[in-house]
Amino acid sequence: MKDVYMPINIDQNYCGGPHTCPTTSTNAVAISGVSYWGITGTYKHTPVSLDCSKYKPCRGLTFSSINLTPSASGNIPKGYPFCSNAYGRVLTSTTPPLDKCLLSEANDQATAPTQAMAPNQGRTQASLWGAAAPARNFFGLFFN
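Bear in mind that the values here come from a model prediction, so they are computed numbers and not experimental data. (Residues numbered from 1 in each chain as written. Predicted model: local features only at pLDDT ≥ 70, side-chain atom pairs only at ≥ 80, totals over all residues. Heavy atoms only, no water.)

A.B. asks: So what about the overall build of the chain? Which residues, and what values?
C.D. replies: Along the backbone of the chain there are 0 helices and 11 strands. Helices and strands in the chain line up, N terminus first, as β-β-β-β-β-β-β-β-β-β-β. Counting over 144 residues, the chain shows a buried share of 38%. Considering only contacts in the chain between residues 6 or more positions apart, those separated by 24 or more positions represent 82%. Split by element, the accessible area of the chain, about 8500 Å² in all, is 53% carbon and sulfur. (Helix = DSSP H or I, 4+ residues; strand = E, 2+ residues; numbered from the N terminus. Buried < 20%, exposed > 50% of the residue type's maximum accessible area, 1.4 Å probe, protein only. Contact = heavy atoms within 4.5 Å. Areas by Shrake-Rupley, 256 points an atom, 1.4 Å probe, with all protein chains shown as cover.)

A.B. asks: Outline the nonpolar core, listing residues and values.
C.D. replies: With 20 residues, the main nonpolar core has Ile8, Ile10, Tyr36, Leu50, Leu61 and Phe63 as its most contacted residues. At the level of secondary structure, the elements contributing two or more residues to this core comprise strand S1 (8-11), strand S3 (35-43), strand S4 (48-51) and strand S5 (58-70). Examining the composition of this core, we find that 5 residues originate from one element, S5, more than from any other. (Core = buried A, V, L, I, M, F, W, Y, C linked by side-chain atoms within 4.5 Å.)

A.B. asks: Got a sec to walk through the packing of aromatic side chains? Specific residues and values, please.
C.D. replies: Two numbers describe a pair of aromatic rings. These are the distance of the centres and the angle of the planes. Applying the stated criterion across every chain, the model contains 1 aromatic pair. The interplanar angle of 10° and the centroid separation of 5.2 Å between the aromatic rings of Tyr36 and Phe63 together place this pair among those described as stacked. Residue Tyr36 is located in strand S3, and its partner Phe63 is located in strand S5; the two are separated by 27 residues in the primary sequence. The same class applies to Tyr36 and to Phe63, which are both buried. (Phe/Tyr/Trp six-rings, centres within 6.5 Å; stacked < 30°, edge-to-face > 60°.)

A.B. asks: Got a sec to walk through the pairing of strand S7 (residues 86-90)? Specific residues and values, please.
C.D. replies: One ladder, built from 4 bridges, connects S5 with S7; its direction is parallel. Residue pairing in the sheet places Cys58 in a bridge with Ala86 of S7. The pairing of S7 with strand S8 (residues 103-104) spans 2 bridges and is parallel. What sits directly across from Tyr87, in S8, is Leu103. (Pairing = 2+ DSSP bridges.)

A.B. asks: Please provide a residue-by-residue account of the side chain of Thr62, values included.
C.D. replies: Checked against the element boundaries, Thr62 lands in strand S5. With relative accessibility at 7%, the residue Thr62 sits in the buried group.

A.B. asks: Now, about unusual backbone geometry: what can you tell me, with residues and values included?
C.D. replies: Of the consecutive residues Thr95 and Pro96, the connecting peptide bond is found in the cis state with omega at 0°. Unusually for a residue other than glycine, Asp3 sits at a positive phi of about 55°. The exposure class of Asp3 is partly exposed, given its relative accessible area of 25%. The backbone of Ser65 sits at a positive phi, close to 55°, despite the residue not being glycine. Take Ser65: it is sitting in strand S5.

A.B. asks: Could you give me a rundown of the environment of Ser104, with the residues and numbers involved?
C.D. replies: Mapped onto the secondary structure, Ser104 falls in strand S8. Taking relative accessible area as the criterion, Ser104 reaches 34% and is therefore assigned partly exposed. Expressed as a C-alpha distance, the spacing of Ser104 and Arg59, which sit 45 residues apart in the sequence, is 9.7 Å. What Ser104 contacts, discounting residues up to four positions off in sequence, is Tyr87 and Gly88.

Here it is as structure tokens:
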């Protein structure tokens, strides 16, 4: 990908437009098991933004073979990844470095699903590969 505004994005706090959300929603969609592999290219703003809900943090995020550098077009400052309530792991070194951005799964205090919950109830799973959709502008998930 080339000159993408925000190549990797999960936004559980998106509220549908250029306005401030009136309140923080406690009923966000739970996100788990998302993998980003083999994503290479340039960005114009923020290389990685993982804005997960404090009520239902993102869990089980996996990153491997990520190489995102600032765009040569224009005067783009070096971007840094943004992570909020995002638990996961980095399998290989990444550019930008994500190991200090993600929260460690070892420190995740989440409780296991109750017996009454179906195996995938309340959870969304997705895997994204950079080579799978070269014509797209970004790889991201938006949930509210």
